[in-house]
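A look at the structure
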Amino acid sequence: MLILGIETSCDETGIALYDTERGLLADALHSQVELHALYGGVVPELASRDHVRRLLPLLKSALRTADRKIGDVDLIAYTQGPGLGGALLVGASVAAGLGVAIDRPAVGIHHLEGHLLSPLLADPRPEFPFIALLVSGGHTQLMRVDEVGHYALLGETQDDAAGEAFDKTAMLLGLGYPGGPALARLAEQGDATRFPLPRPMIGSGDLRFSFSGLKTAVLTRLRSLEPVDEATRADLAASFEAAIVDVLVAKCRDALAQEGLQRLVVAGGVGANRRLRAQLEKELAKVGARVFFPPLRLCTDNGAMIAFAAALKFSRPPASTPSFPIFPRWDLAEAAAQSTPRR
Ligand code: KG4
Ligand code: ZN
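Residues numbered from 1 in each chain as written. Chains lettered and ligands numbered in written order. Predicted model: local features only at pLDDT ≥ 70, side-chain atom pairs only at ≥ 80, totals over all residues. Heavy atoms only, no water.

1. Points about the coordination of the zinc ion (ligand 2)
Those donors, His111 (NE2), His115 (NE2) and Asp301 (OD), are the protein atoms that reach the zinc ion (ligand 2), and they lie 2.0 to 2.2 Å from it. Note that the zinc ion (ligand 2) binds four donor atoms; their angles at the metal cover 91 to 145°, and the shape is irregular. Donor residues for the zinc ion (ligand 2) sit on one chain with the sequence pattern H-x3-H-x185-D. With His115 in helix 4 (residues 111-117) and Asp301 in the loop between strand 10 (290-292) and helix 10 (304-313), this residue pair connects regions lying 186 residues apart in the sequence. Overall, His115 belongs to the buried group, its relative accessible area being 1%. Looking at Asp301, the relative accessible area reads 13%, which means it is buried. (Donors = N, O, S within 2.8 Å, 3.2 Å for Na, K, Ca; no water. Tetrahedral: all angles 85-135°; square planar, octahedral: opposite > 155°, others 65-115°. Helix = DSSP H or I, 4+ residues; strand = E, 2+ residues; numbered from the N terminus. Buried < 20%, exposed > 50% of the residue type's maximum accessible area, 1.4 Å probe, protein only.)

2. Digging into the packing of helix 7 (residues 212-225) against helix 8 (residues 230-259)
One way to put it is that helix 7 packs onto helix 8 with a least axis distance of 11 Å and a crossing angle of 160°. Considering the angle they form, helix 7 stands roughly antiparallel to helix 8. Pair helix 7 / helix 8 crosses with right-handed handedness. Touching Leu214, Val218, Arg221, Leu222 and Leu225 of helix 7 are Thr232, Leu236, Phe240, Ala243 and Ile244, all from helix 8. (Axes fitted to C-alpha atoms, helices over the stretch in contact; angles between N-to-C directions. Parallel < 35°, antiparallel > 145°, perpendicular 65-115°, else oblique. Left-handed = near helix turned anticlockwise from the far one by under 90°. Contact = heavy atoms within 4.5 Å.)

3. Quick notes on the packing of helix 5 (residues 162-172) against helix 8
At their nearest, the axes of helix 5 and helix 8 sit 11 Å apart, and the two run at 175° to each other. The angle between helix 5 and helix 8 places the two elements in the roughly antiparallel class. When helix 5 is examined against helix 8, the residues Ala162, Ala165, Phe166 and Thr169 are found in contact with a partner set consisting of Phe240, Glu241, Ile244 and Leu248.

4. As for the sheet that holds strand 9 (residues 263-267)
Strands sit in the order 8-7-6-9-10 across an open sheet of five strands; the sheet is mixed. For this open sheet the edge positions go to strand 8 (150-156) and strand 10, each flanked by a neighbour on one side alone. Each strand of the sheet is rotated relative to its neighbour by a mean of 25°, with strand direction disregarded. Alignment of strand 9 against strand 10, held across three bridges, turns out to be parallel. In the strand pairing of strand 10, Leu264 is matched with Val291. Lying over the sheet, helix 8 contacts strand 6 (130-135), strand 7 (140-147), strand 8 and strand 9, oriented at roughly 155° with respect to strand 6. Across the face of the sheet, helix 9 (residues 274-286) comes into contact with strand 6, strand 9 and strand 10 while running at roughly 155° to strand 10. (Pairing = 2+ DSSP bridges.)

5. Quick look at the environment of Pro294
Within the element layout of this structure, Pro294 appears in the loop between strand 10 and helix 10. Beyond its immediate chain neighbours, meaning those up to four positions away, Pro294 contacts Ser118, Pro119, Val266, Ala267, Arg277 and Cys299.

Keep in mind these values describe shape, not function.
What follows is the structure in structure tokens.
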């Protein structure tokens, strides 16, 4: 079965072709980073318009790379939510339109399900059950994953998501948008022990997170240190990154212990963070657990994870869906409870 994956939930246009026999044949991506950088964050209307411009050229290029024709596609999978309403609508309507044109079904995929199944695209592939740490710009969640379609939320952030905390702190440090990768690069030159920042909720005894106080802690330090030289900014970046990583690692360890599991899967944009990767490898090895990451390029938003999630959920194309509702806010555990995989 050849599956076309379409991702347009935020500021990345992703198109991929996944063959259930041969694997990933093409994975085309256009990042809107430059478009939004001018405004210091994603401008939803500009995002939607850019998806409109990019989708069909990307589709053509993916088909060329895969040496396939649009008529070869058996199933179209698109991100149905959560995400920006207008951006989701572009992907959903292109999927529905293509579906009508080539007489193939279009199915909606939960964006977070795409992220959390993406480590299964890697080698070695983790076996079920596992704990998933979803760390993106909009979400920080720990989930227990028993099999495809069976997800239980164990804990999540009470305020800012980890990626959001990276982005907001990067802004305070004058790093612009998108801040996460820039802050991580700056942190590599800094001393993570210079500023002992709080580790919010690290000892809360549950699996909840809170990151909004961390950026305030950075802001307070910044104000007391002004004017701030480059080395101090790097030390602040490193101290912030260390604080957030310590909390994420501790809660992952707690989640594994609570559920009696020894496999952790990390997904979402912050999963690209080198310090998080290294600390998780090191700390989980101590308790005999293993951590699995998606390939770096699949950590952030992409079409491959959407096509791949559809491949895991559908063993053959389902009956055609006539409408295409989207869900800008969409709880994964609730969604999974309502629809077990159709086989
Ligand atoms: O999963 P993703 O591409 O989009 C969402 O669904 O949110 O994640 C984007 C988030 C952004 O907040 C970005 O700053 C963060 O992931 N991010 C990073 C790194 N690379 C991306 N945060 C920390 N370190 C990185 N290397
Ligand atoms: Zn995402």
